[in-house]
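Listed here are the chains, written in short residue letters.
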Amino acid sequence: MDTLLDVENLWVKFPTRQGLFDAVRGVSFSLGRERLGIVGESGSGKSMTGRAILRLIRPPGIVEADHIKLGDDNLLAKSEKEMRAVRGQRISMVMQDPKFSLNPVMTIGDQIIEAYRLHSAASKSKAHAKSLEMLRAVSIRDAERVMRAYPHEMSGGMGQRIMIAMMLIPNPEILIADEPTSALDVSVQRQVLDIMDRLVKERGMGLIFISHDLNLVADFCDRVLIMYAGRVVEVCEADKLHEATHPYTQGLLNSLPRLDMPTDRLEVLERDPAWSEVPSVSGRA
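Report follows, based on the coordinates. Counting of residues starts from 1 at the beginning of each chain's written sequence and follows it residue by residue. Selection of residues for local features in this predicted model requires a pLDDT of at least 70, selection of side-chain atom pairs for listing and counting requires 80 or more, and totals for whole chains, interfaces and linings are taken over all residues. Heavy atoms throughout the structure, all of them, feed into the side-chain values; hydrogens and water do not.

## Topic: the packing of aromatic side chains
So, point 1. By convention, a stacked pair of Phe, Tyr or Trp rings (six-membered ring in the case of Trp) has centres within 6.5 Å and planes under 30 degrees apart, an edge-to-face pair has planes over 60 apart, and any other such pair is tilted. Taken as a whole and assessed by the stated rule, the structure comprises 4 aromatic pairs.
So, point 2. Ring-pair connections join several aromatic residues into one group, and the members of that group are Tyr-228, Tyr-248 and Trp-275.
So, point 3. The criterion is that NZ of a Lys, or CZ of an Arg, lies within 6 Å of the ring centre and within 35 degrees of the ring normal, and then a charge sits over that ring. It is Arg-35 that lies over the ring of Phe-220; its NZ or CZ is 5.5 Å from the centre.

Structure follows, in structure tokens:
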């Protein structure tokens, strides 16, 4: 399998009054042309891992790693100016809520055109045509009307499709999707995931799908990293997630309601302090 991204011994730290707090602790994994899920509770470090890859952790936050390699390039060795050429063009990131990612005072068309022209020498007319093509690719019917609209005129599902179109228009090698469906209802969730899945397969991209929804990840991804307290505690094939052996993963699964196994009371996850002391498991394929 082609390795698009290789992360070795990643740490993300923040200074506090009590000393350094380790948000991500010794995480290692690789990403090929696949859908890699990262799951865990809020605060487990999954979103910080995605942001650290793109070097979006700002001071006083500290990012350390043996390497974060995109192909042959170590992203940690790049200047901020060089990283701006990586963000969007080679690695794109879809944030959790499009309402906070889109500029409220610019039309949607102007924002998508800007995202495309930032990484290419295309004329405005060519960028306009490409933007319309991309909106149609994410199943937006009246693309011309949407180009003229402002973000507040769009529903949550439409906003998320627009963000996916904007992030994929430069044709990146990797897409990081940080809980892209958490603000959407179930029927729209499935539509957005199907769009992402189709585009990733057509373009031969790698996808890092960050979520807290184990059932969604088991259904959608190829491999899964389970994170707890900043560490990767288990790695498994997505279709075998329900056979996971780590007590934390089992606890998360047992706390989910199941139609095939109804119960009067769901289990409450009981954490063992020893879980956070065990070194991270490698997430290499």
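## Re the pattern of salt bridges
So, point 1. By salt bridge we mean one thing: a side-chain nitrogen of Lys or Arg within 4 Å of a carboxyl oxygen of Asp or Glu. For the structure shown, the criterion picks out 19 salt bridges.
So, point 2. When the shortest N-O distance is used, the salt bridge between Lys-13 and Glu-64 registers 3.3 Å. With Lys-13 in strand E1 (residues 5-16) and Glu-64 in strand E4 (residues 62-64), this pair connects stretches of sequence that are 51 residues apart.
So, point 3. Between Glu-34 and Arg-223 there is a salt bridge, and its shortest N-O distance comes to 2.9 Å. Note that Glu-34 is positioned in the loop between strand E2 (19-31) and strand E3 (35-39) and Arg-223 in strand E10 (residues 223-228), a separation of 189 residues in sequence. Comparing Glu-34 with Arg-223, the two get one shared label, buried.
So, point 4. Salt bridges sharing partners connect three or more residues here, namely Arg-35, Asp-197, Lys-201 and Asp-222. A helix here means a DSSP run of H or I that spans at least four residues, while a strand means a run of E at least two residues long, and both kinds are numbered starting from the N terminus. Each residue is assigned to one of three classes by its accessible area relative to the maximum for its type, calculated with a 1.4 Å probe on protein chains only: buried under 20%, partly exposed between the two thresholds, exposed over 50%.

## Examining the sheet that holds E3
So, point 1. We treat two strands as partners when DSSP finds at least two bridges between them. Read across the open sheet, the 6 strands follow the order E7-E8-E9-E3-E10-E11; overall the sheet is mixed. The open sheet terminates on both sides in strands that have one partner only, identified here as strand E7 (91-94) and strand E11 (231-237). Between one strand and the next, the sheet's axes are offset by a mean angle of 20 degrees, whatever the strand orientation.
So, point 2. With 4 bridges joining them, E3 and E10 adopt parallel strand pairing. Each bridged residue has a counterpart across the sheet, and for Leu-36 the counterpart in E10 is Arg-223.
So, point 3. By definition in these notes, contact holds between two residues if any of their heavy atoms fall within 4.5 Å. Helix axes are fitted to C-alpha atoms over the stretch in contact, other axes to C-alpha atoms as well, and angles between N-to-C directions run from 0 to 180 degrees. Where helix H8 (residues 186-203) meets the sheet, it contacts E3, strand E8 (174-178) and strand E9 (206-211), and its direction lies at approximately 155 degrees from that of E9.
So, point 4. On the sheet, helix H10 (residues 247-254) packs against E10 and E11 and is oriented at approximately 100 degrees with respect to E10.

## Some points on the nonpolar core
So, point 1. Grouping buried Ala, Val, Leu, Ile, Met, Phe, Trp, Tyr and Cys residues that are joined through side-chain atoms within 4.5 Å yields what is termed a nonpolar core. Among the nonpolar cores identified, the biggest contains 59 residues, and Leu-135, Ile-162, Met-196 and Phe-209 are the most heavily contacted of them.
So, point 2. If you count residues domain by domain, this core takes at least three from each of domain 1 (1-90 + 174-285) and domain 2 (100-171).
So, point 3. When neighbours within four sequence positions are excluded, Leu-135 is seen to be in contact with Ile-112, Ile-140, Ala-143, Val-146, Met-147, Ile-162 and Ala-165.
So, point 4. Counting residues in hydrophobic clusters, the runner-up holds 29 residues, among them Val-24, Ile-38, Leu-54 and Ile-208. The split of the chain into domains comes from an automatic or database domain assignment.

## Structural notes on the layout of surface pockets
So, point 1. Grid points spaced at 1 Å over the protein atoms alone were grouped into cavities, where a 1.4 Å probe fits but cannot get out, and pockets, open sets with protein on both sides within 12 Å along at least five of seven lines, with lining residues defined by an atom within 4 Å of a point. Grid points are joined across faces, edges and corners, and a volume is the space filled by probe spheres set on the points. Taken as a whole, the largest pocket spans an internal volume of roughly 570 Å³.
So, point 2. Among the secondary structure elements, those contributing two or more residues to the lining of the largest pocket are E7, helix H4 (108-117) and helix H7 (156-168).
So, point 3. Residue polarity follows a fixed list, in which Ala, Val, Leu, Ile, Met, Phe, Trp, Tyr, Cys and Pro are nonpolar, Asp, Glu, Lys and Arg are charged, and the others, Gly among them, are polar. When its residues are assigned to classes, the lining of the largest pocket shows 12 nonpolar, 6 polar and 4 charged.
So, point 4. For the lining of the largest pocket, the two domains that each supply at least three residues are domain 1 (1-90 + 174-285) and domain 2 (100-171).
So, point 5. There is about 270 Å³ of room inside the second largest pocket.
So, point 6. Lining the second largest pocket are 13 residues, and of these Leu-253, Asn-254, Leu-256, Arg-258 and Met-261 lie nearest its centre.
So, point 7. Its residues assigned to classes, the lining of the second largest pocket comprises 6 nonpolar, 4 polar and 3 charged.

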